[in-house]
There are 2 protein chains.
Amino acid sequence: MAGIDPSLVRALPLFSKLSAAELDMLLEQATLRRFAVGEAVFEQGAAATQFFLLLHGRLKVTQVTADGQQIIVRMVHPGDIFGFAKALQRDDYPGTPTASAESVVICWPTQVWDLFIEKNPHLAVNAMQTIGQRLQEAHTRIREMATEEVERRVAHAVLRLIIQAGKTESAGIRIDFPISRQDIAEMTGTTLHTVSRILSAWEAKGLVKGGRQKLLVRDATALRELAEGD
Amino acid sequence: MAGIDPSLVRALPLFSKLSAAELDMLLEQATLRRFAVGEAVFEQGAAATQFFLLLHGRLKVTQVTADGQQIIVRMVHPGDIFGFAKALQRDDYPGTPTASAESVVICWPTQVWDLFIEKNPHLAVNAMQTIGQRLQEAHTRIREMATEEVERRVAHAVLRLIIQAGKTESAGIRIDFPISRQDIAEMTGTTLHTVSRILSAWEAKGLVKGGRQKLLVRDATALRELAEGD
DNA sequence: GATACTGCTTGCGCCAACGCAACGATACTG
DNA sequence: CAGTATCGTTGCGTTGGCGCAAGCAGTATC
């Protein structure tokens, strides 16, 4: 299924400096795949034969520990590339990206990566910036987990979600994909129970409005104050 | 102070694919600086005008939170590059690298980075792999902080230290630079007190041998078992 | 070799958050 | 539209690890 419409990816910063011809060449090698909710694009530990770009939808990248506990490493939003393990000198994928919403993904064979980096330094620079930003997000999260208590961590997580996936509605800002209490727990390193209690308390104070796999932020300012200590 | 001996860096994987001429050109632009224990190479938030490579010694990269708490983001070991904020699309440094031991550092102006990436794709690929590895370490740490209890986190941290800075002695493996209980606490997201208690318990069991800013691992195998659950 | 300093240890009380458990509520399914 | 599965809420007992505080032991200073 080659021949993807360039207009789909033209606007992405990752490809901003590529010529039309280069972009065409890149897209010729690509395949388009669709994933239903709950489906995994690939499995943790599988051989890294492809890398990907999320066109539409939403993915959560999870890792499982030896004793079966699961955490959400990060969310993948439209326009993000993911699964480029080979570029990071790995032969297998470190996590499992699962569709939280119906998703459309562009897939490339890993060989294409090296080829294009070689021919196009811009792409390397852009990719490095992408990874760099991710590294910083990771460090932020480490700092939060080390120093902040659960309620503030959850506040930060929710704020991040409304930045990356917030849809403004009349009643507030809605998180634009199905997200469970369990998900939030796995993003903040706590339990489903604690998240539920915190969200209930917030709802009583009018900060948010919950629902089954739904979350609406009514007062982002108050939430931001809560996230930064008093 | 230009004209650094190429033999100092020749062996580093980062420069492995550079020709002698390219390496010379790179080193012409560099400066060598020395830091005493406790000195900072640069301060968190300062404008990123240079990037660096640690030749000799040991640095700890710290971040301070708004309310004054400190954490150690990572350790810098000889051969590591650090402070390449500009490559990550930042104008300021996200953390402060402080010398834990007497250290020698190569410094380049940031402009050199773009120049060399452009001219030498290998360097870009190598740098990306370096950042990629760091990203994975960060994810590992996030997973540990989310799922493991303090004792196991400390065990993992110590194991990582003996890999990166272990010097085998007759009595066991010594960590090759001054490290305090407070440091270990800031690496694992806990308090000095808890670390002290844990290390005391380990010492009673003959796993380690402590001391002022010293740590000797007597039984790495037992420590590894402790780090992985039972 | 006395003084100050900095880093390490240990005891004790306390609380945030976990784990268990039971119960509601909402969405899918045939 | 009953039946079932999934997701969310809430109560309660327990506990890991934090914070305080006091004391100890090396290391540097003059």
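What you see is a predicted model, and the numbers here were worked out from it, not measured in a lab.

Cut-offs applied
Residues numbered from 1 in each chain as written. Chains lettered and ligands numbered in written order. Predicted model: local features only at pLDDT ≥ 70, side-chain atom pairs only at ≥ 80, totals over all residues. Heavy atoms only, no water. Helix = DSSP H or I, 4+ residues; strand = E, 2+ residues; numbered from the N terminus. Rg over C-alpha atoms; globule rule 2.2 N^0.38 Å. Buried < 20%, exposed > 50% of the residue type's maximum accessible area, 1.4 Å probe, protein only. Contact = heavy atoms within 4.5 Å. Areas by Shrake-Rupley, 256 points an atom, 1.4 Å probe, with all protein chains shown as cover. Lys, Arg positive; Asp, Glu negative; His and termini not counted. Charge placed at Lys NZ, Arg CZ, Asp CG, Glu CD. Domains from an automatic or database assignment. Buried area = accessible area lost by both parts, 1.4 Å probe. Salt bridge = Lys/Arg side-chain N within 4 Å of Asp/Glu carboxyl O. Polar contact = N/O pair within 3.5 Å; in protein donor to acceptor, adjacent residues only side chain to side chain. Nonpolar A, V, L, I, M, F, W, Y, C, P; charged D, E, K, R; others polar. Least-squares fit on C-alpha atoms with pLDDT ≥ 70 in both.

## Some remarks on the overall build of chain A
And step 1. Looking only at helices and strands, chain A has 7 helices and 9 strands in total.
And step 2. Taking 17 Å as the expected radius of gyration for a compact globule of 230 residues, we find that chain A reaches 19 Å, a close match to that expectation.
And step 3. Looking at chain A residue by residue over its 230 residues, the buried ones come to 51%.
And step 4. Taking the contacts inside chain A whose residues are at least 6 apart along the sequence as the reference set, 69% of them involve residues at least 24 apart.
And step 5. Carbon and sulfur atoms provide 50% of the accessible area of chain A, an area that totals close to 10500 Å².
And step 6. Side-chain charges in chain A split into 26 positive and 27 negative, and the spacing between the mean points of these groups amounts to 4 Å.

## A few points about the domain arrangement of chain A
All names here are of chain A.
And step 1. On domain assignment, one finds that chain A holds domain 1 (6-144) and domain 2 (149-227).
And step 2. Across the boundary between the two partners, domain 1 contributes 12 residues, which contact 12 residues of domain 2.
And step 3. Taking both sides of the interface into account, the surface hidden between domain 1 and domain 2 amounts to around 1100 Å²; carbon and sulfur atoms contribute 50%.
And step 4. It is Arg 58, Ile 72 and Glu 144 that lose the most area in domain 1 upon contact with domain 2, and together they represent 44% of the buried surface on that side.
And step 5. Across the contact surface, domain 1 and domain 2 share 2 salt bridges.
And step 6. In this structure, Arg 160 and Glu 144 form a salt bridge, with 2.6 Å as the shortest nitrogen-oxygen distance.
And step 7. Here domain 1 is connected to domain 2 by 6 residue pairs in polar contact (both at pLDDT 80 or more).
And step 8. Looking at the side of domain 1 that touches domain 2, the elements that each hand over two or more residues are strand E2 (50-64), strand E3 (70-76), strand E5 (96-109) and helix H3 (121-147).
And step 9. Ranked by the residues each element gives to the side of domain 1 that touches domain 2, the list is headed by E3, at 4 residues.
And step 10. A breakdown of the residues in the side of domain 1 that touches domain 2 according to their chemical character gives 4 nonpolar, 4 polar and 4 charged.

## Quick notes on helix H5 (residues 181-188) of chain A
Residues and elements named next belong to chain A.
And step 1. Most of H5 is tucked away: 7 of the 8 residues are buried.
And step 2. Residues of H5 that are buried include every one of Arg 181, Asp 183, Ile 184, Ala 185, Glu 186, Met 187 and Thr 188, and no others.
And step 3. Looking one or two places after H5, you find Gly 189, whose phi comes out positive at around 75 degrees.

## Here we look at the relation of the copies chain A and chain B
And step 1. When chain A is fitted to chain B, the residual RMSD is 0.0 Å, and the transformation amounts to a turn of 180 degrees plus an axial shift of 0.0 Å. What we have between these two chains is a two-fold relation. In terms of proximity to the rotation axis, the leading residue of chain A is Leu135(A), whose C-alpha is 2.6 Å off the axis.
And step 2. Comparing interface residues between copies, 100% of those in chain A also sit at the interface in chain B, which points to an isologous, same-surface contact.

## Here's the deal with the side chain of Gln63(A)
And step 1. Tracing the backbone through its elements, the reader meets Gln63(A) in strand E2.
And step 2. A polar atom in the side chain of Gln63(A) sits 2.7 Å from the side chain of Arg143(B).
And step 3. Not counting residues within four places of it along the chain, the set of residues in contact with Gln63(A) comprises Gln44(A), Gln69(A), Gln70(A), Ile71(A), Val73(A), Pro94(A), Gly95(A), His139(B) and Arg143(B).

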